Amino acid sequence: MTTIYFIRHAEPDFNVHDDFSRPLTEKGRTDCALVTEFLRDKNIDVVLSSPYVRARDTVAPFAAAAGLEILEIEGFRERKVADEWVLPFNEFTSNQWADFSYKLENGECLEEVTARNIAALESVLREFPGKNIVIGGHGTAISTVVHHFDNTYGYDGFTKMKRIFPWVVKMEFAENGGGGNVRSSHCAYCCMGMEKIDLFSPDHTPDYSAPDVRTAPLGSLGAYKYTVIFARHKNKWLYCRHKSRDTFETAGGRIEPGETSTESARRELYEETGATDFEITPALDYSVHLPCRYANGQVFLAEIRDLGNMPPFEMAETALFDTIPDKMRFPKILPILFEEIRNFGLRKT
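Residues numbered from 1 in each chain as written. Predicted model: local features only at pLDDT ≥ 70, side-chain atom pairs only at ≥ 80, totals over all residues. Heavy atoms only, no water.

Visitor: Would you mind going over the packing of aromatic side chains with me for this structure?
Guide: Aromatic ring pairs are reported here in terms of the distance separating the ring centres and the angle at which the planes meet. Applying the stated criterion across every chain yields a total of 16 aromatic pairs. Measuring from ring centre to ring centre gives 5.5 Å for Phe149 and Phe173, while their planes differ by 75°; the resulting arrangement is edge-to-face. Of the two residues, Phe149 sits in helix 5 (residues 139–149) while Phe173 sits in strand 5 (residues 167–175), which places them 24 residues apart along the sequence. Phe149 sits in the buried class, given a relative accessible area of 3%. The aromatic ring of Trp237 is capped on one face by Arg232, whose charged end is 4.7 Å from the ring centroid. (Phe/Tyr/Trp six-rings, centres within 6.5 Å; stacked < 30°, edge-to-face > 60°. Helix = DSSP H or I, 4+ residues; strand = E, 2+ residues; numbered from the N terminus. Buried < 20%, exposed > 50% of the residue type's maximum accessible area, 1.4 Å probe, protein only. Lys NZ or Arg CZ within 6 Å of the ring centre and 35° of its normal.)

Visitor: Looking at this model, I keep getting lost on the pairing of strand 2 (residues 46–49). Mind explaining?
Guide: Regular strands place their side chains on alternate faces of the sheet. With burial as the criterion, each face of strand 2 is covered, one bearing Val46 and Leu48 and the other bearing Val47 and Ser49. Where strand 2 and strand 4 (residues 132–137) come together, 4 bridges link them in parallel fashion. Paired with Ser49 across the two strands is Gly136, which belongs to strand 4. As judged from the 3 bridges shared by strand 2 and strand 3 (residues 70–72), these two strands associate in the parallel manner. Opposite Val47, over in strand 3, you have Ile70 as the bridge partner. (Pairing = 2+ DSSP bridges.)

Okay, here's the thing in structure tokens:
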């Protein structure tokens, strides 16, 4: 897996209108320490940057502390607006996000910015497979990359981050995945998931109140981060309860490095229910999109013939239900997947 940390530059001095040489403000230079601290324990192998001064200067303190050279990548530069300073800027950006082909004379449209940044990203993924990589960049340029892999991110998302300096987007890529709406049609790497990180609110908890849950045919997304296992036992649905929660949930969890999704599902089913004799079948793909993150997963149907003792991991107990429990973890996500898996089970029989 290759992990990319896109770092949007710290606060720039807008009194300087030259896009290439625009420096950071004093506050911006101070806030670079947030970037250095955030990256300190991420085992970074490579530091890349847009050639623009404000982007390079934002990641420079970390690079110096880590003893890493900064490699400049022209493709990650910011969108060119026009030859002249443009006001009112909000109207211009709104027009661009409404129409990705919209641009001013001698400027770039968002289609062109996306193509340039994705081409640069693909080159980086080919050159540094399996590495942890920092890329110093810019708000609009990074936002087009986010939109490319998650089309739920648009003008509203852009406006929420446009005054956050610096800002981080973490993306994880797996090699040789399948197709789907989360990968470039020309890239050998699939984006497994994405997280948008506000360094000024590092303990922010993801908002699961209104997730965008998408289901897809089995194998179509091609890069999975999680497994969800709906299990049946004695003609009922088997759920488990975590030791620290009073809600029930399906077995499942994150796919560990080196595991296939099926291997992960079999492991999670045993660890979280104690199932020792079962048949497990992959059923469908899914993705969950939240304001600050998204990830893909695969849903399985399991028929459990025998349950052993609960293994000494995080789950406290299991229970059998006719349908979805009244008190269920992720109540806006799992019922959608439950309907899909129930239909899959009916087709299977």
